[in-house]
Amino acid sequence: MVVPAQGLPASVRIHEVGARDGLQNEKAVVPTEIKAEFIHRLAEAGLTTIEATSFVHPKWVPQLADAERLFPMLGDIEGVALPVLVPNERGLDRALALGADRIAVFASATESFAKANLNRTVDESLQMFAPVVARAKEQKVHVRGYLSMCFGDPWEGAVPVHQVVHVAKSLLDLGCDELSLGDTIGVATPAHVQSLLAALNEEGVPTSAIGVHFHDTYGQALANTLAALQHGVATVDASAGGLGGCPYAKSATGNLATEDLVWMLQGLGIDTGVDLGRLTATSVWLAEQLGRPSPSRTVRALSPDSHKE
């Protein structure tokens, strides 16, 4: 039953990260053809933003070492944004050579994670991204800035809100078009989410430039998403079937499942443009390719046989 709630966005853009953030955490390398079919199926299900791959050096993320082969296989997908992750200017060169028109860079709100993920301090990582963002903007390429550890860090514990705001503003000052606030280890709770969003607004960051990226470690991802929606956020990251985690933060579990998000949004009367049946079928199909069941509760509820071995 659809029961709308007051004060929520009329529509939400789902930034689908399963093909990148999800598959990069698989122990086994997924064949390129399977990745391409996965992305095609996601597009056919109505997702309009699908993060396709990463141009990080294969040494660090071997699961996505086939970016140059995969990206051209997506050229027949129309009307869908296909952003790619880039770590530095070399990654940008590789992405631009293939015609990518949307990229993402990834920063950390904490020094510990910046060291673990990028082998740099926070300031050094921002310095590394500066020419990447500048060159991308010169080429009229849309730039998203991921910000990890916005709510808690496995080494440093709770992350002060003002610290997150400082790095977030720095990413926007570099020229990023949008921010994705990451709860990398899934420790956020709803009031914490709204507190950070309010603090960003107070420092001049518009809600329209913000997306949220929640992990479901403590089962709080949907509650945190609703808190963000109540604040006016209308871009939500999610991963088909709940794939993903973080290879550099071992306490991070899977992303918010896209199916679980769509179920909630549909119940609230919020438009996503996503066909939940087709999306669920896609996640069931991918789970079969991976040889294990999907962790998404909605996938399991709509496909009772999907949990069987």
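The structure reproduced in this document is the subject of the present report. (Residues numbered from 1 in each chain as written. Predicted model: local features only at pLDDT ≥ 70, side-chain atom pairs only at ≥ 80, totals over all residues. Heavy atoms only, no water.)

Concerning the overall build of the protein chain
- Scanning the protein chain for helices and strands turns up 12 helices and 11 strands.
- Relative to its length of 309 residues, the protein chain is compact, with a C-alpha radius of gyration of 18 Å against a globular reference of 19 Å.
- Projected onto its principal axes, the C-alpha coordinates of the protein chain cover approximately 50 × 45 × 35 Å.
- For the protein chain, with 309 residues in total, the buried portion stands at 56%.
- Contacts in the protein chain between residues at least 24 apart in sequence constitute 75% of all its contacts with a sequence separation of at least 6.
- Summing over all exposed atoms, the protein chain offers an accessible surface of approximately 12,700 Å²; the carbon and sulfur share of this is 53%.
- A distance of 4 Å separates the average location of the 23 positive side-chain charges in the protein chain from that of its 35 negative side-chain charges. (Helix = DSSP H or I, 4+ residues; strand = E, 2+ residues; numbered from the N terminus. Rg over C-alpha atoms; globule rule 2.2 N^0.38 Å. Buried < 20%, exposed > 50% of the residue type's maximum accessible area, 1.4 Å probe, protein only. Contact = heavy atoms within 4.5 Å. Areas by Shrake-Rupley, 256 points an atom, 1.4 Å probe, with all protein chains shown as cover. Lys, Arg positive; Asp, Glu negative; His and termini not counted. Charge placed at Lys NZ, Arg CZ, Asp CG, Glu CD.)

A closer look at the packing of aromatic side chains
- Under the counting rule described, the total for this entry stands at three aromatic pairs.
- The ring of Tyr 146 has Arg 20 lying over it, and the distance from NZ or CZ to the ring centre is 5.5 Å.
- Just above the ring of Trp 285 sits the side chain of Arg 41; from NZ or CZ to the centre is 4.2 Å. (Phe/Tyr/Trp six-rings, centres within 6.5 Å; stacked < 30°, edge-to-face > 60°. Lys NZ or Arg CZ within 6 Å of the ring centre and 35° of its normal.)

A word on the packing of helix H6 (residues 122-138) against helix H7 (residues 161-174)
- With their axes 9 Å apart at the nearest point, H6 and H7 run at an angle of 20 degrees to one another. Comparing their axes, H7 and H6 come out roughly parallel. Note that H6 runs across H7; the crossing there is right-handed. Here H6 contributes Val 122, Leu 126, Phe 129, Ala 130 and Val 133 to the contact with H7, which in turn contributes Val 167, Ser 170, Leu 171 and Leu 174. (Axes fitted to C-alpha atoms, helices over the stretch in contact; angles between N-to-C directions. Parallel < 35°, antiparallel > 145°, perpendicular 65-115°, else oblique. Left-handed = near helix turned anticlockwise from the far one by under 90°.)

Some points on helix H5 (residues 111-118)
- Turning to H5, its buried residues are Phe 113, Ala 114, Asn 117 and Leu 118. The buried side chains of H5 occupy one side of the element, clustering within an arc of 105 degrees when seen end-on.
- Residue Thr 110 occupies the N-cap position of H5, its side-chain oxygen lying 3.3 Å from the main-chain nitrogen of Phe 113.
- Where H5 ends, the next residue or the one after it, Asn 119, has phi of about 55 degrees, a positive value. (Arc of directions from axis to C-beta. Polar contact = N/O pair within 3.5 Å; in protein donor to acceptor, adjacent residues only side chain to side chain.)

Structural notes on the environment of Ala 257
- Residue placement: Ala 257 occurs in the loop between strand E11 (235-238) and helix H10 (258-267).
- On the basis of relative accessible area, Ala 257 is assigned to the buried category, the value being 5%.
- Remark: the alpha-carbon pair of Ala 257 and Gly 241, spanning 16 residues in sequence, is separated by 5.2 Å.
- Excluding residues within four positions of it along the chain, Ala 257 makes contact with Ala 238, Ser 239, Gly 241, Gly 242 and Ser 296.

Overview of the pattern of salt bridges
- Scanning the entire structure with this criterion turns up 15 salt bridges.
- Residue Lys 35 pairs with Asp 66 through a salt bridge whose shortest N-O separation is 2.9 Å. Taken together, the residues span a long stretch of sequence, with Lys 35 in helix H2 (residues 32-44) and Asp 66 in the loop between strand E3 (53-54) and helix H3 (67-70) at a distance of 31 residues. Comparing Lys 35 with Asp 66, the two get one shared label, buried.
- Residue Asp 93 is joined to Arg 135 by a salt bridge in which the shortest nitrogen-to-oxygen separation is 2.6 Å. (Salt bridge = Lys/Arg side-chain N within 4 Å of Asp/Glu carboxyl O.)

Some details on the packing of H2 against helix H11 (residues 276-290)
- It is the contact of H2 with H11, at a shortest axis distance of 9 Å, that shows an interaxial angle of 165 degrees. Judged on the interaxial angle alone, H11 and H2 are roughly antiparallel. Pair H2 / H11 crosses with left-handed handedness. Side by side, H2 and H11 meet where Ile 34, Glu 37, Phe 38, Arg 41, Leu 42 and Glu 44 of the first sit next to Arg 278, Leu 279, Thr 282, Trp 285, Leu 286 and Gln 289 of the second.
- Here the residues of the contact of H2 with H11 sort into six nonpolar, two polar and four charged. (Nonpolar A, V, L, I, M, F, W, Y, C, P; charged D, E, K, R; others polar.)

Section: a negative patch on the surface
- Among the surface-exposed residues, Glu 111, Asp 123, Glu 124 and Glu 156 lie close enough to one another that they form a single negatively charged patch.
- With respect to the secondary-structure elements, Asp 123 resides in helix H6.
- For Asp 123, a relative accessible area of 48% translates into the label partly exposed. (Patch = residues over 30% accessible without salt bridge, like charges linked within 9 Å, V, L, I, M, F, W, Y side chains within 5 Å.)

Examining the side chain of His 215
- Mapped onto the secondary structure, His 215 falls in the loop between strand E10 (210-214) and helix H9 (221-231).
- Accessibility expressed as a relative area gives 3% for His 215, which makes it buried.
- Among the polar contacts made by the side chain of His 215, one reaches the side chain of His 213 at a distance of 3.3 Å.

Thoughts on the pairing of E11
- Burial of the side chains of E11 extends over both faces: Thr 235 and Asp 237 are buried on one face and Val 236 and Ala 238 on the other.
- Of the strand pairs in this sheet, strand E1 (residues 13-16) and E11 are connected by four bridges, and their pairing is parallel. Bridge pairing links His 15 to Asp 237 in E11. (Pairing = 2+ DSSP bridges.)

A closer look at H11
- Taking 1.5 Å as the rise per residue, H11 with 15 residues should run 21 Å; its terminal C-alpha atoms sit 21 Å apart, in good agreement.
- Restricting attention to buried positions, one finds in H11 the residues Leu 276, Leu 279, Thr 280, Thr 282, Ser 283, Val 284, Trp 285, Leu 286, Ala 287 and Leu 290.
- Summarising the contacts, the buried residues of H11 are in contact with H2, H10 and helix H12 (297-302).
- By the N-cap criterion, in which a side-chain oxygen at the helix start approaches the backbone nitrogen of a residue two or three places on, H11 is capped by Asp 275, the distance to Gly 277 being 3.0 Å.
- After H11 finishes, the residue Gly 291 shows a positive phi value of roughly 75 degrees. (Expected span 1.5 Å × (residues − 1).)

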